Number of protein chains: 2
Amino acid sequence: MKNVKVVIWGMGAMGSGMARMLMKKTGIDIVGAIDIGAKVGKPIFEVLGEEYPNNENIKIGTVEDYIKPAIADVVLLCTDSFTEKAFDKIKLIVENKMNVVTSAEEMSYPKAQSPELADEIDQLAKENGVSVLGTGINPGLIMDVLVLVMTGACEDINHITSRRVNSLSPFGKAVMEEQGIGISVEEFEQGKKDGSLAGHVGFPESMSLMAEALGVKFDEITQGMDPIVTDVDRVAPYGEAKAGSVAGVSMTASGVVNGKELIKMDHPQQIEPEQVGVNTGDYVIIDGNPKINLVNSPEVEGGVGTIAMCVNMIPQTINARPGLVTMIDLPIPHAILGDFRDQIHEDAKIVK
Amino acid sequence: MKNVKVVIWGMGAMGSGMARMLMKKTGIDIVGAIDIGAKVGKPIFEVLGEEYPNNENIKIGTVEDYIKPAIADVVLLCTDSFTEKAFDKIKLIVENKMNVVTSAEEMSYPKAQSPELADEIDQLAKENGVSVLGTGINPGLIMDVLVLVMTGACEDINHITSRRVNSLSPFGKAVMEEQGIGISVEEFEQGKKDGSLAGHVGFPESMSLMAEALGVKFDEITQGMDPIVTDVDRVAPYGEAKAGSVAGVSMTASGVVNGKELIKMDHPQQIEPEQVGVNTGDYVIIDGNPKINLVNSPEVEGGVGTIAMCVNMIPQTINARPGLVTMIDLPIPHAILGDFRDQIHEDAKIVK
């Protein structure tokens, strides 16, 4: 079997990370990398600032260079967070008969907020015999899939708390701005009102994914987004928050079934949580039979986690029946330490 | 769609527990229950010591009564731990064109120790258009599937520790005897030598399942089984261990790849661990990128966990492509709070 062939669309932090990860793996090759602006035309090793013996030093190219009929088994699409923005790109890839794994948060369950686009993607994927998956660390694993996996041990469930307490300190300037680090409470409220502060993207998707798996329908899903105001000055590598200003965002969601909360999601993200005695971690707390009281501490860092999830789910996506798929349709995620080709069904391979 | 139809084969602790769980669920009916001896002919509610309005009070019957062509969508087989002992029963069910979910530990990955029987089951299942899954809490979730799911967030892995520290105190007399509670160290060593002490069944299966998913081949898997000798008198409801005698079994396994341990499994089980300051819990510790440091404490209790896993995996097994399947072939496990029929693909249903 030929090596698995991959095109990466978007050479930002996520796409570059996936490129680095893939170059250390066996049985899988990067055959194209797409970006815009100054990176186009540069060799990929130059952009990554590293070299990988035995890997081809392909050039970063345009969409026209690398989205061509069946030139890869899968395209890793790392350009957007929202389904609406990713849609045209997904359509183009699918019409060129390649599978898609995307880190776009809303694509983890696009039916939640874009049911018509989700239907269209599903239809297009089926017509072209390929699959489309959205995944990442969250949504994609920590606050939804891991929760569901633990419910597998439960006969019955009264209430679920899915909590992720994480540090924003490892992230760069863009994230500091997106999350409002250092701004005043008034600025935060204004940004929330005019939509310029997004906070975490993915709660409606994680909630809907869990509801479909558990077989429940929410009366409603409510979301909250509040500033984490710091009492002390906090300084992170790419952002700082003076006492009294915003050091992070507390995101919450509540899924109510038959008038009673079934799932609570709780996701405070801030810079330098250790400075104020906050222990970061991923928590799954299930009040059921049996009770579950799971913690992974410190939390899985979002960047590397999303990179790994997208790459590790490549075989499951290639092997899947054609259509739009989600993490509850596919076999369990896991790392791949051996040859990627051993994970692929012969009849599902595109580049024969 | 008609309700999902289930036959339970083996009305011991596991089978009875599955019956109780199923009777509280929607869209799924027990249409047969098989046992031997005095239970045969008795109404199921009498055997369970409970009543369930709206559920049929079927009688416990024989194999001949309930293993008939396609009378159920799935048979829950809860009679054995070992593939060799379960084989004839699985063959009979499959030839009667019904899917199988079994709690037999070795059936979670029968290729590990009975590759020829595994091939035969796979062949028979394919010929008859049905699927066969072995699952439970361990093997099936805690020490293998949960570990794999967490590796999904990892780019690379140096070492994995899969640890389950559990209490045997909730278990009955049979388990106390199987695990040698209260015997002397000499008796333990003798029982280990002559095979009368089994300890935990499932390490070769969990190891092989993880190896297949990760894409590695072990040079060797070594197993250890040592007595946990108590310093103090311990008393559990169904067993006791005087100071100096055996209060439990410490099971270990090591999976070596290219001369270096990749996976360590560590599973001490004992009565009254709290009495000696041992905190029970399920642990996944991954030295990789990123590091994972997960604990679920106290541990998921084995009985209810196995019952829930077998029942919750019914839809995935019915929906699976025909053949012998494992937990890494199927979509993720999860609880089902709604109608079981919503989880079943129309074309996979046997009792139309």
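Residues numbered from 1 in each chain as written. Chains lettered and ligands numbered in written order. Predicted model: local features only at pLDDT ≥ 70, side-chain atom pairs only at ≥ 80, totals over all residues. Heavy atoms only, no water.

## Focus: the interface of chain B and chain A
With 55 residues of chain B at the contact, the number on the chain A side is 55 residues. When chain B packs against chain A, close to 4,200 Å² is buried across both sides, 61% of that on carbon and sulfur atoms. When the buried area of chain B at its contact with chain A is split by residue, E155(B), I332(B) and L337(B) rank highest and sum to 17% of it. Here three bridges tie strand β14 (residues 292-296) of chain A to strand β14 (residues 292-296) of chain B, and the two strands are oriented antiparallel to one another. Bridged to N296(A) within β14(B) is L294(B). (Contact = heavy atoms within 4.5 Å. Buried area = accessible area lost by both parts, 1.4 Å probe. Pairing = 2+ DSSP bridges. Helix = DSSP H or I, 4+ residues; strand = E, 2+ residues; numbered from the N terminus.)

## Comments concerning a negative patch on the surface
Residues and elements named next belong to chain A. On the surface, E186, E187, E189 and D226 cluster together to form a negatively charged patch. Of all the elements, helix α8 (residues 185-194) adds the most residues to the negative patch, at three residues. The residue E189 is located in helix α8 in this model. Of the residues examined, E189 reaches a relative accessible area of 34% and is grouped as partly exposed. (Patch = residues over 30% accessible without salt bridge, like charges linked within 9 Å, V, L, I, M, F, W, Y side chains within 5 Å. Areas by Shrake-Rupley, 256 points an atom, 1.4 Å probe, with all protein chains shown as cover. Salt bridge = Lys/Arg side-chain N within 4 Å of Asp/Glu carboxyl O. Lys, Arg positive; Asp, Glu negative; His and termini not counted. Charge placed at Lys NZ, Arg CZ, Asp CG, Glu CD. Buried < 20%, exposed > 50% of the residue type's maximum accessible area, 1.4 Å probe, protein only.)

## Concerning the relation of the copies chain B and chain A
Once chain B has been moved 0.0 Å along the axis and rotated by 180 degrees, it coincides with chain A to within an RMSD of 0.0 Å. Given the turn and translation reported, the copies of this chain are related as if by a two-fold rotation axis. The rotation axis passes nearest to the C-alpha of P331(B) in chain B, at a distance of 2.1 Å. (Least-squares fit on C-alpha atoms with pLDDT ≥ 70 in both.)

## Digging into the domain arrangement of chain A
Residue and element names in this part refer to chain A. Entries for chain A in the domain assignment read domain 1 (4-136 + 303-343) and domain 2 (145-299). The interface of domain 1 with domain 2 comprises 13 residues on the first partner and 10 residues on the second. Summing both sides of the interface, domain 1 and domain 2 together bury roughly 1,000 Å²; the carbon and sulfur share of this comes to 72%. Interface area lost by domain 1 to domain 2 is led by E105, Y109 and I328, which between them contribute 46%. The tally of links between domain 1 and domain 2 comes to one salt bridge. Partitioned by chemical class, the residues of the side of domain 1 that touches domain 2 number five nonpolar, five polar and three charged. (Domains from an automatic or database assignment. Nonpolar A, V, L, I, M, F, W, Y, C, P; charged D, E, K, R; others polar.)

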